[in-house]
Amino acid sequence: MNFVPLSLSKSDRNLLLVQIVFPVSLLILGIYHGFIQVLYRAGIIQSQSFLGLDYYQGLTLHGVINAIVFTTFFAVGFGNALILYYLRSGLCRTTAWVGNIMMLVGTLLAAAIILAGKANILYTFYPPLKGHPLFYIGAVLLVIGSWVSFFNWIPPYLKWRRENPGKKTPMAILGIFASFIVWFIATLPLAFEVLVLLLPWSLGWTDEVNVTLARTLFWFFGHPLVYFWLLPAYTMYYAMLPKIAGGKLYSDFAGRLAFMLFILLSCPIGLHHQYSDPGIQSSWKWFHGILTFCVALPSFITAFTLAASMEIGARSRGGKGLFAWWAKLPHWNSKGDQWLFPYLFLGLILFLFGGITGIINASAAMNGLIHNTSWVPAHFHTTLGGPVFLAFIAMSLWMVVKILGKPVRYPRLNLSVPYLWILGVVFFSTGMSVTGLMGEPRRTNMGMTFTNPESPLFHEGWKFISHFVVIGGTIMFLSMIAYFIVFFGTLFSSKTEDDRLDFPNAEPFHDENISWVQNFKPWLVATALVLAVAYTIPLLEVYKGTKKGAPAYSPDNPIPLRDQK
Amino acid sequence: MQIHWTEKLVAVIASGLLLSFLAALIAGYYFYDLDVADCVTDVPLFSKGEVHQIFDPTNYRSKYEVKVVAKMWTFDPPVIEVVAGSDIDFYLTSTDVIHGVIIQGTNVNLMAVPGVVNFARLSFDQPGEYSFLCHEYCGSGHQSMAGKFVVKSNEGVYRPGDIATAPVAISSAALAGRALLDKNGCLACHSLDGTPILAPTFKGIFGRTQSLSDGSNIVIDEAYLKDSILHPTAKMVKGYQPLMPQMNIPESDLQAIVDYLKSMKVGTP
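Residues numbered from 1 in each chain as written. Chains lettered and ligands numbered in written order. Predicted model: local features only at pLDDT ≥ 70, side-chain atom pairs only at ≥ 80, totals over all residues.

1. Here's the deal with the nonpolar core
Part 1: In this structure, Val182, Leu344, Ala391 and Ala394 of chain A are the most contacted members of the largest nonpolar core, which totals 238 residues.
Part 2: Dropping the residues within four chain positions of it, valine 182 of chain A is found in contact with Pro224, Tyr227, Phe228, Leu231, Phe262, Ile263, Ser266 and Cys267 of chain A.
Part 3: Counting seven residues, the second largest nonpolar core, distinct from the first, contains Phe206, Ile229, Met247 and Ile257 of chain B. (Core = buried A, V, L, I, M, F, W, Y, C linked by C-beta atoms within 7 Å. Buried ≥ 20, exposed ≤ 12 C-beta atoms within 10 Å, placed from the backbone. Contact = placed C-beta atoms within 7 Å.)

2. Quick word on the interface of chain A and chain B
Part 1: Counting from both sides, the interface comprises 63 residues of chain A and, opposite them, 56 residues of chain B.
Part 2: If you list the elements that add at least two residues to the side of chain A that touches chain B, you get α7 (211-239), α9 (252-265), α10 (282-316), α12 (364-370) and α17 (520-545) of chain A.
Part 3: The biggest single contributor to the side of chain A that touches chain B is α10 of chain A, with nine residues.
Part 4: Across the side of chain A that touches chain B, the residue classes tally to 32 nonpolar, 22 polar and nine charged. (Helix = DSSP H or I, 4+ residues; strand = E, 2+ residues; numbered from the N terminus. Nonpolar A, V, L, I, M, F, W, Y, C, P; charged D, E, K, R; others polar.)

3. Focus: the sheet that holds strand β6 (residues 99-103) of chain B
Residues and elements named next belong to chain B.
Part 1: Spatial ordering of the open sheet is given by β4-β10-β9-β6-β7, a layout of five strands whose pairing is mixed. Bordering the open sheet on either side are β4 (79-83) and β7 (109-112), each of which pairs with just one other strand. On average, each strand axis in the sheet is tilted by 25° relative to the strand beside it, whichever way the strands run.
Part 2: Judged from the four bridges that link them, β6 and β7 form a sheet pairing that is antiparallel. Note that in β7 the partner of isoleucine 102 across the bridge is asparagine 109. (Pairing = 2+ DSSP bridges. Axes fitted to C-alpha atoms, helices over the stretch in contact; angles between N-to-C directions.)

4. Looking at the domain arrangement of chain A
All names here are of chain A.
Part 1: Once the domains are mapped, chain A shows domain 1 (8-167) and domain 2 (334-502).
Part 2: Just the C-alpha atoms count here: the centres of domain 1 and domain 2 sit 19 Å apart.
Part 3: Broken down by secondary-structure element, the contributors of at least two residues to the side of domain 1 that touches domain 2 are α1 (10-41) and α2 (55-87).
Part 4: Element by element, the count of residues in the side of domain 1 that touches domain 2 is highest for α1, at 13 residues.
Part 5: A breakdown of the residues in the side of domain 1 that touches domain 2 according to their chemical character gives 23 nonpolar, five polar and two charged. (Domains from an automatic or database assignment.)

5. Focus: helix α1 (residues 5-32) of chain B
Part 1: Along its 28 residues, α1 of chain B runs 40 Å from first to last C-alpha, staying within 8% of the 40 Å computed at 1.5 Å per residue.
Part 2: Aspartate 33 of chain B lies just past α1 of chain B and shows a positive phi near 60°. (Expected span 1.5 Å × (residues − 1).)

6. A few points about the domain arrangement of chain B
Residue and element names in this part refer to chain B.
Part 1: The domain architecture assigned to chain B consists of domain 1 (50-152) and domain 2 (172-262).
Part 2: Taken together, the contact pairs nine residues of domain 1 with six residues of domain 2.
Part 3: Residues that form the side of domain 1 that touches domain 2 fall into these classes: four nonpolar, four polar and one charged.

7. A closer look at the packing of α2 of chain A against helix α4 (residues 133-151) of chain A
All names here are of chain A.
Part 1: Where α2 contacts α4, the axes come no closer than 10 Å and their chain directions differ by 15°. Classed by the angle they form, the pair α2 and α4 counts as roughly parallel. The handedness of the crossing between α2 and α4 comes out as left-handed. For the pair α2 and α4, the contacting residues are Val69, Thr72, Val76 and Asn80 in the first and Leu142, Ser146 and Ser149 in the second.
Part 2: Of the residues belonging to the contact of α2 with α4, the class tally is three nonpolar, four polar and no charged. (Parallel < 35°, antiparallel > 145°, perpendicular 65-115°, else oblique. Left-handed = near helix turned anticlockwise from the far one by under 90°.)

8. Observations regarding α10 of chain A
Part 1: The terminal C-alpha atoms of α10 of chain A, which comprises 35 residues, lie 52 Å apart, in line with the 51 Å expected from a rise of 1.5 Å per residue.
Part 2: Backbone geometry just downstream of α10 of chain A places glycine 318 of chain A in the positive-phi region, at approximately 95°.

9. A short note on the environment of methionine 145 of chain B
Residue and element names in this part refer to chain B.
Part 1: With respect to the helices and strands, methionine 145 occurs in the loop between β9 (128-133) and β10 (146-152).
Part 2: Take methionine 145: there are 30 C-beta atoms within 10 Å of it, and that puts it in the buried class.
Part 3: As for methionine 145 and serine 15, which are separated by 130 residues in sequence, their C-alpha atoms are 43 Å apart.
Part 4: Residue contacts for methionine 145: discarding those within four places in its chain leaves Trp73, Thr74, Leu133, Cys134 and Cys138.

This is the structure:
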């Protein structure tokens, strides 16, 4: 299929700009605390707070902004752009802006509450630690705003299907729909947790909350959340990366199958985050664990298909030999659009480690060694902090470049961003993995005790290895400073090219036409069935098995809020 | 149109690899008893930590039943003494927010969730000290929440009751003060038996000479105690973090607490 660059209406351009520039700007705060956090953890900062920001307050900001707000905003903005570009039928302007404004208001509410120190409860907000009600309301607005934006894509999609009978949906549209179908399913239990359990309880309308039930609902959301992060990146990998590499997508079928398998298997696996939890039968944890192994299959297929696609690209650029063709890929080339390549490619390299450590986490026997240790952030900085983050910041820059007609400012600095980032993550994650295996806890203000030589809890080994983590964190921080210079430098430069939305479009090498991966319906039915099997009994068990509810606590006082005068 | 043979081969190899990982897990389950935490239904909720030593005279070995309560920001009991080689049934719950525990030298990794009891069986082969710490964020004092197993050599014969600690004798007049300590959550951070937790122990507090964070020394008297309960961060004892919330306690209750603390003089059982 051939697509010409698309000229955007003023409203659509502004919509996309808000959805790209707002989250990237917020990222400054999230990245700042990421860096400060490694200083706390290494014992370089040995206090409860630094420059007016409490450690756990900053940690909440880091998680909420980087993992929830940035990703959700980007996915919605990227989705809007893909619908406009590939389906060419326009979006309902009112609905798009209603969704966007809900997300903006929700984010600003939640951010204000966190900055005021009224919700130092981390992005998982496990009860019975209680945040200010506006924190939960902000989260709900963000999620519902994203639903509204998603529903807005369905009419143009159905119209396209009607007008193009027998044609395959463009791969990028399939990918972004897969991502938002997973998001919609996953946010239903989250909406239940927040609206039915937590919000009335935080307002004081109900006295106690069932903690295990809330936790189980959270992880019903929490694992598919990672695929909601990953699938927009996969969309770029399948629909765009082969073109940037100079080749073709090795197999069209593989891409479509992978997206359908993610819809089917992303959700019924949340209990593998709760292997250490009481109140849930181990047999159900094993069931979810086995399904978690199944969801690794589409990623294995992806690894092969993408490597094959890049080999096609490298050979068309004159690459030879069994492995020597790798050198012919555009690893450092700022000509045209090729700067996108290292961002996507290096993300894939990090994901090799992310995938393997993920399989380790899902393995019941090994999970006991690493659950809630610093191994876990080491893992997700090679997944969420690897392919997802690199792809999202790259595509944010890409869209700004295209829709404003402003070529990348500082092209060499831009090329250095993904290289610095991967180098930083390698140091960071190696250090965190090693201390994790030594039992160092995650989400802990280590500098006050475990890495403070004056504390009775001082741990010399953790202190030593945390220096690697500081080196990694510093390099990652420098990488992001470079990115912000490039991004805002480009944004505020002057227009020199056509301001049209454009994406790289990869042609398929093997263009299979297999109907059962081209229709969502059978997969949605199967998904509903698997979910019903995987969650009905565990949810009933935690509902009935909890012997006592919990009253609300604030994070700085061991006495329940209701008993404080 | 067909699926290319290379794609099929990759699917087969990837599935085979995943199946072999799964087989390893199942082998671990059958041969090494590697399982995840299960649902405990036969143990009622508890709110006090306990260590029971059960002596088996036939093999001169002890078995332990340990009940641990995780609470902001301490474990009850904070120190658990056991004999090397004994089986330990470890029960865990929380009386406030979610906590977790990871025990050094073992694969034990459990969440402590209010309203539910968690369980693991463990043992230590070698004598020594094995620390455990809270690995789930539980509020501003989370990074100080830790405890330890003290594992003694199993040489010689142990009698039941070795571990039991003698209860502290309390006069009836001070009972009201003791109850107030429980009610206000003081004992989460201040121990009664001399164990350092997050704050100075109450054992022998009255009349003790104490170094303060500003470098001065004082003898703890009634005025200092009352003052410190009402304004906890005004005169901090050296080496502790300003974690204690400001208490709003009426004068009559304050007097009862101070009376109880007076009875905790050095030498009082």
